[in-house]
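Secondary and tertiary structure notes
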Amino acid sequence: MKNDLTLLLQRHAIRPDATVRDAMRRINELSGESMTLFVTDEEGRIEGSITDGDIRRALIGGGELRDKVVTVMNPSFLSADTDDDLSVKMAEGRKRHIELLPVMENGRVVDFINLKLMHAMLPLEAVLMAGGRGERLRPLTDDVPKPLLPVAGKPIIDYNIEDLEACGIKKIHVTVNYLAHLIRDHFSQRKGRAQIDCVSEPKRLGTFGSLAYVENISTHDIIVMNSDLLSAIDYEAMYLYHRNQGCDFTIAAVPYSVSVPFAIMKMHGNKVKALEEKPTYNYFANGGVYIMKTELISKIRKGEYLDAPDFITSLIKEGLNVGCFHIEGTWVDIGSPDDYRLANELASRKLGR
């Protein structure tokens, strides 16, 4: 089977001796995709790019359909080298309204970044925790693990996988326990940009205990998150916060307000000093998404039950830098039937269903 890069080159490459008419036909075939061609020589080196705008300007200027594509191509096309800061190149590409950014090594294309689909290129791997039983969602979870419950026709976990893929994350570890074979089967059939590695949790180990079984992580930092979230979190902004603040561990935080429907008395001993009528208290709650230094996984013992609050508290006691990144917009932790209904409503509305 041909890999994605080979297929993309076949779709978007055109030879220098092709005509402008050939290029117009090829661009028309790309309708619905990134409508950009790259003029490529026999050695696979890109000489320039062509869009329908380049052709239109050339024809207005007196060019003809039988002319060679090299007469209309843009030789100053934007590309990135493998050692460039890809996030900077992507930002430049968006400013220039470019849709397809070639990544080059020694003058040859090694990858394409679709700027319509990719939001960032984060130097992270991810762990999605998908081993829970989903007790509060029974009987829905009697035969289906919670991460595979459909939200607007798509499994909950796939929303998170796709968001991570759109941030350039190419390796995702999924920790599994309850009905693990169904999750494994799901990912064995799924096609996507990221490599999915299912990691067996031998028993219920809490939200962080399963991390001890995740191996072969190649990145300095890692995203760890619950697999049953529906969220509009900006992973790039969270990563930049984590990096710029020098955090060892960063928690995504959700605004949470508590309104008291009574007058609250402020006391000094047995004496009432003041009354506060129906106050509202604002807090930040743990959003179930974390970025942490990968080396911190070594602090977790295999087989030891460990929940997130206990692990985070131990890091704070050690004096490590634990940061808080505020989530803006949609965030639903699908833990109850009401949460599940809300998630379906929000997702259906977004998808126009």
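Report follows, based on the coordinates. This one's a predicted model, so the numbers in the text were calculated from it and none came from an experiment. Per chain, residue numbering runs from 1 following the sequence as it is written. This being a predicted model, a pLDDT of at least 70 is required before a residue's local features are given, and a value of 80 or more before pairs of side-chain atoms are given or counted; all residues contribute to the totals for chains, interfaces and linings. Processing note: side-chain calculations cover all non-hydrogen atoms of the structure and skip hydrogens and water entirely.

**A word on the environment of F187**
Inclusion rule: By the criteria applied, helices consist of DSSP H or I runs no shorter than four residues and strands consist of E runs no shorter than two, each listed in order from the N terminus. Contacts were defined at the residue level, with two residues in contact if any of their heavy atoms lie within 4.5 Å.
Within the element layout of this structure, F187 appears in helix α6 (residues 180-189). Note: C-alpha distance between F187 and V174 (13 residues apart in sequence) is 9.7 Å. Setting aside residues up to four positions removed in sequence, F187 forms contacts with I157, D158, I161, V174, I196 and C198.

**Topic: the nonpolar core**
Heads up, the rule is: Here, the term nonpolar core denotes a set of buried Ala, Val, Leu, Ile, Met, Phe, Trp, Tyr and Cys residues that are joined through side-chain atoms within 4.5 Å. The buried label goes to any residue with under 20% of its type's maximum accessible area, the exposed label to any with over 50%, and the partly exposed label to all in between, with areas taken from a 1.4 Å probe on protein chains only.
Counting residues in each nonpolar core, the largest one holds 33 residues, and the members touching the most others are L128, L164, I172, V174, I223, Y235 and V289. Listing elements by their share of this core, those giving two or more residues are β7 (124-130), α5 (156-165), β10 (171-176), α6, β12 (221-226), α8 (235-244), β14 (249-259) and β17 (280-293). For this core, the leading source of residues is β7, giving 4 residues. Ranked by size, the runner-up nonpolar core spans 22 residues in total, among them F208, I222, Y290 and L306.

**Comments concerning the pattern of salt bridges**
Rules: One side-chain nitrogen of Lys or Arg within 4 Å of one carboxyl oxygen of Asp or Glu is enough to make a salt bridge.
A full pass over the atoms with the stated rule returns 16 salt bridges. Across the pair D54 and R57 runs a salt bridge whose closest N-O atoms are separated by 2.9 Å. With D54 and R57 both in helix α3 (residues 52-60) and 3 residues apart, this pair spans about one turn of that helix. For R57, a relative accessible area of 52% gives the class exposed. Here E162 makes a salt bridge to K154, at a shortest N to O gap of 2.8 Å. Using a relative accessible area of 33% as the deciding quantity, one classes E162 as partly exposed. What you see here is one network of salt bridges that share partners, running through D111, K170 and R193.

**Regarding the packing of aromatic side chains**
We apply this condition: The rule is short: rings of Phe, Tyr and Trp, with Trp giving its six-membered ring, pair when the centres are within 6.5 Å, and they are stacked under 30 degrees, edge-to-face over 60, tilted in between. Only when the NZ of Lys or the CZ of Arg is both within 6 Å of the ring centre and within 35 degrees of the ring normal is a charge said to sit over the ring.
The full count for this structure, using the stated rule, is 8 aromatic pairs. With a centroid separation of 6.1 Å and an interplanar angle of 40 degrees, the aromatic rings of F208 and F249 are classed as tilted. In this pair, F208 sits in helix α7 (residues 206-209) while F249 sits in strand β14, placing the two residues 41 residues apart along the sequence. A centroid spacing of 5.2 Å and a plane angle of 75 degrees characterise the contact between F208 and Y290, whose relative ring orientation is edge-to-face. Taken together, the residues F208 in helix α7 and Y290 in strand β17 connect sequence positions 82 residues apart. Given the relative accessible area of 0%, F208 is considered buried. Residue Y290 is classed as buried on the basis of its relative accessible area of 4%. Taken together, the ring pairs connect F208, F249, Y290 and F311 into an aromatic cluster. The positively charged end of K154 is found above the aromatic ring belonging to Y159, 4.3 Å away from the centroid.

**A look at the pairing of β17**
Basically, it comes down to this: A pair of strands is treated as paired once DSSP finds two or more bridges between them.
The pairing of β12 with β17 spans 5 bridges and is classified as antiparallel. Following the sheet pairing, I223 is matched in β17 by I291. Examined bridge by bridge, β14 and β17 share 10 bridges and lie antiparallel to one another. Considered in β17, the bridge of V254 is made with A285.

**A word on helix α2 (residues 20-29)**
Note the cut-off: The arc in question is the one traced by the directions running from the helix axis out to the C-beta atoms.
Every buried residue of α2 is accounted for by V20, A23, R26 and I27. Each buried residue of α2 lies within a common arc of 120 degrees when the element is viewed along its axis, so the set occupies one face.

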